[in-house]
Amino acid sequence: MWEPLSSRYVLVNLWLNIILYSVLFAASIGFRWLPPFENLTGYLSVATAIFAFLIPAMTTWGFMSDKKKRFSLREQDISFSSGIFVHRLVTQPMLRVQHVELTRGPIERKAGLASLQVFSAGGSSHTFTIPGLPVEKAKQIRQFILSHGDLTQHDK
């Protein structure tokens, strides 16, 4: 059964995108009055027009993309699905999970969210990251994966 990411994650990313793109847009407008850029007014007008188009387009794209991200935790594997036009599905068998890491940045901590990184045996980097999980849910998933690994070790 596929579970969506937290709605708080979608809203936090939406606001971060709006703030970032607004700062870039304001900077493209503000550069016009700086002495080194006075001769580039035409180019800056084009850049401002491009930002005026890209801001809503990229914000909408990010919002739609975040709404499409899902994860599935089953007895034998964990999967992460994402993508609007190009669908990406990554499935990691529990027997191949070597390490699970719970990470929280300052914005995630403020929003009560966490990201879960799943590391595969035989790989140097993480297989995938499930972002935007409520902290308690992330801890439960992490514990489930770790306890599953312990059970398989005792069966051998």
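Residues numbered from 1 in each chain as written. Predicted model: local features only at pLDDT ≥ 70, side-chain atom pairs only at ≥ 80, totals over all residues. Heavy atoms only, no water.

Q: Before we go on, may I ask you to explain the sheet that holds strand S7 (residues 126-134) in this structure?
A: In any sheet, the strands associate via hydrogen bonds between backbone groups, in a parallel or an antiparallel arrangement. If you trace the 3 strands from one edge of the open sheet to the other, you get S5-S6-S7, paired in antiparallel fashion. Both outer strands of the open sheet, strand S5 (97-103) and S7, are each paired with one neighbouring strand and no more. The average undirected angle you get between the axes of adjacent strands in this sheet is 20°. Where strand S6 (residues 113-120) lies against S7, 6 bridges are found, and the strand directions are antiparallel. Across the sheet, Gln117 pairs through a bridge with Thr129, a residue of S7. (Pairing = 2+ DSSP bridges. Helix = DSSP H or I, 4+ residues; strand = E, 2+ residues; numbered from the N terminus. Axes fitted to C-alpha atoms, helices over the stretch in contact; angles between N-to-C directions.)

Q: When you look at the packing of aromatic side chains in this model, what are you seeing that I'm missing?
A: In this description, an aromatic ring pair is defined by two values, namely the gap between the centres and the angle between the planes. Taken as a whole, this structure holds 2 aromatic pairs when the rule is applied. Note on Trp61 and Phe85: the rings are 5.6 Å apart at their centroids and 35° apart in plane angle, and the pair reads as tilted. With Trp61 in helix H2 (residues 41-68) and Phe85 in the loop between strand S3 (77-82) and strand S4 (88-93), the pair connects residues that are 24 residues apart, well separated along the chain. When its relative accessible area of 41% is taken as the criterion, Trp61 is described as partly exposed. Taking relative accessible area as the criterion, Phe85 reaches 68% and is therefore assigned exposed. (Phe/Tyr/Trp six-rings, centres within 6.5 Å; stacked < 30°, edge-to-face > 60°. Buried < 20%, exposed > 50% of the residue type's maximum accessible area, 1.4 Å probe, protein only.)

Q: What is the right way to read the pattern of salt bridges from this model?
A: All told, the structure shown has 3 salt bridges when counted by the stated rule. In this structure, Arg74 engages Asp77 in a salt bridge whose closest nitrogen and oxygen atoms are separated by 2.6 Å. (Salt bridge = Lys/Arg side-chain N within 4 Å of Asp/Glu carboxyl O.)

Q: Is there a simple way to think about helix H1 (residues 7-30) in this case?
A: Think of an α-helix as 3.6 residues a turn; residues three or four steps apart then line up on the same face. In this model, H1 (24 residues) spans 34 Å end to end at C-alpha, consistent with the 34 Å of a helix rising 1.5 Å per residue. All buried positions along H1 are accounted for by Tyr9, Val10, Leu14, Asn17, Tyr21 and Ser28. (Expected span 1.5 Å × (residues − 1).)

Q: Is there a simple way to explain the side chain of Ser81 in this structure?
A: Assignment of secondary structure puts Ser81 in strand S3. For Ser81, a relative accessible area of 6% corresponds to the buried category. In this structure the side chain of Ser81 is engaged in a polar contact, spanning 3.2 Å, whose partner is the side chain of His87. Non-local contacts of Ser81, meaning those with residues more than four positions away in its chain, are made with Trp2, Lys68, Lys69, Arg70, His87, Arg88 and Leu89. (Polar contact = N/O pair within 3.5 Å; in protein donor to acceptor, adjacent residues only side chain to side chain. Contact = heavy atoms within 4.5 Å.)

Q: Please clarify how a nonpolar patch on the surface should be interpreted in this entry.
A: The grouping of Leu11, Trp15, Ile18, Ile19 and Val23 at the surface amounts to a nonpolar patch, some 500 Å² of accessible area in total. Checked against the element boundaries, Trp15 lands in helix H1. A residue is classified by how much of its surface remains accessible, and Trp15, at 54% relative accessible area, is exposed. (Patch = residues over 30% accessible without salt bridge, like charges linked within 9 Å, V, L, I, M, F, W, Y side chains within 5 Å. Areas by Shrake-Rupley, 256 points an atom, 1.4 Å probe, with all protein chains shown as cover.)

Q: Is there a simple way to think about the sheet that holds S4 in this case?
A: Strand order in the open sheet made by the 4 strands is S1-S2-S3-S4, with antiparallel pairing throughout. The open sheet has two edge strands with one neighbour each: strand S1 (3-4) and S4.

Q: How should the pairing of S4 be read in this particular structure?
A: On a regular strand, each side chain points to the face opposite its neighbour's, so the side chains alternate between the two faces of the sheet. Pairing between S3 and S4: 6 bridges, direction antiparallel. Counted as the bridge partner of Asp77 is Pro93 from S4.

Q: Honestly, the nonpolar core in this entry has me stumped. Any pointers?
A: Residues Phe71, Ile78, Phe128, Ile130, Leu133, Ile141 and Ile145 are the most contacted members of the largest nonpolar core, which totals 22 residues. Counting only elements with at least two residues in this core, the list comes to H1, S3, S5, S6, S7 and helix H4 (135-155). Excluding its chain neighbours within four sequence positions, the residues that come into contact with Ile145 are Leu73, Ile78, Met94, Val97 and Val100. (Core = buried A, V, L, I, M, F, W, Y, C linked by side-chain atoms within 4.5 Å.)

Don't take any of this as a statement about function, it's just geometry.
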